[in-house]
Amino acid sequence: MRLAIVIHKNEESSYGVTVPDLPGCFSGADSLDGAFASAREAILLHLEGMLANGEALPRTKPIEEHSSNDDYRDGIWGFVDVDMADVPDKAVRVNITVPSRMLAAIDKWAEREGETRSGFLTKSAMEHIQVNSLQ
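Conventions and cut-offs
Residues numbered from 1 in each chain as written. Predicted model: local features only at pLDDT ≥ 70, side-chain atom pairs only at ≥ 80, totals over all residues. Heavy atoms only, no water. Pairing = 2+ DSSP bridges. Helix = DSSP H or I, 4+ residues; strand = E, 2+ residues; numbered from the N terminus. Expected span 1.5 Å × (residues − 1). Buried < 20%, exposed > 50% of the residue type's maximum accessible area, 1.4 Å probe, protein only. Contact = heavy atoms within 4.5 Å. Phe/Tyr/Trp six-rings, centres within 6.5 Å; stacked < 30°, edge-to-face > 60°. Lys NZ or Arg CZ within 6 Å of the ring centre and 35° of its normal. Salt bridge = Lys/Arg side-chain N within 4 Å of Asp/Glu carboxyl O.

The next point concerns the pairing of strand 1 (residues 2–9). Sheet topology places strand 1 next to strand 4 (residues 76–81); 6 bridges connect them, and they run antiparallel. Note that in strand 4 the partner of valine 6 across the bridge is tryptophan 77. Pairing of strand 1 with strand 2 (residues 15–18) involves 4 bridges; the strand directions are antiparallel. If you follow histidine 8 over to strand 2, its bridge partner there is glycine 16. Linking strand 1 back to strand 2 in an antiparallel pair, the connection comprises 5 residues.

The following block contains the structure:
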């Protein structure tokens, strides 16, 4: 998931970061590099809370839609990429039925990429869900 962030800095303050697509998600840091790192951490925690509360993940908007908001005036825009697999969640064991040739192909691909079968299936499902939720 790629989220726009806006960074503000006053002479007397540290860098403040706001995530327009996640109302209430903000962070700060003493350096610009640190602002990006702290934004990623804040986003992961915010998404974890949303999922735990059963909330739907947001549809991201282009910067052009956010830039008209006065709260973001004179800010530095950037992007933070987060992998939904990095959002902590409790694993649940499931029993599924998959055609044997498909399972062999999944296992071969996962082994070649250094992933587990479960990791591959989860990552593939998340990518599909994210892509289709934007349509």
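And the narrative resumes.
This part covers the environment of aspartate 70. Along the chain, aspartate 70 turns up in the loop between helix 2 (63–66) and strand 4. Between the alpha carbons of aspartate 70 and alanine 4 there is a distance of 16 Å; along the sequence they are 66 residues apart.

Turning our eyes to something else, we now look at helix 1 (residues 32–52). A rise of 1.5 Å per residue sets the reference length of helix 1, with its 21 residues, at 30 Å; its end C-alpha atoms lie 30 Å apart and thus fit the reference within 8%. Residues of helix 1 that are buried include every one of Ala35, Ser38, Ala39, Ala42, Ile43, Leu44, Leu47 and Met50, and no others. On its buried side, helix 1 packs onto strand 1, strand 2, strand 3 (26–29) and strand 4. One or two positions beyond helix 1, positive phi appears at glycine 54, with a value near 75°.

Throughout the structure, instances matching the rule amount to 2 aromatic pairs. Between tyrosine 72 and tryptophan 77, the aromatic rings sit 5.7 Å apart at their centres with planes inclined by 75°, giving edge-to-face as the arrangement. Residue tryptophan 77 is classed as partly exposed on the basis of its relative accessible area, which comes to 24%. One cation-aromatic arrangement involves arginine 2 over phenylalanine 79; the distance from NZ or CZ to the ring centre is 3.7 Å. Over the ring of tyrosine 15 we find lysine 9; its NZ or CZ atom is 5.5 Å from the centre of that ring.

Turning our eyes to something else, we now look at the pattern of salt bridges. Summed over the entire model, instances satisfying the criterion amount to 5 salt bridges. The partner of arginine 112 in a salt bridge is glutamate 113, and the shortest N-O contact between them spans 3.7 Å. As a salt-bridge pair, glutamate 115 and lysine 123 come within 3.6 Å of each other at their nearest N and O atoms. Given a relative accessible area of 26%, glutamate 115 falls into the partly exposed group. With a relative accessible area of 36%, lysine 123 lands in the partly exposed category.

Another aspect to go through is the pairing of strand 2. With burial as the criterion, only one face of strand 2 is covered, namely that bearing Tyr15 and Val17; the residues Gly16 and Thr18 on the opposite face remain uncovered. Sheet topology places strand 2 next to strand 3; 4 bridges connect them, and they run antiparallel. By the bridge assignment, glycine 16 is partnered in strand 3 with glycine 28.

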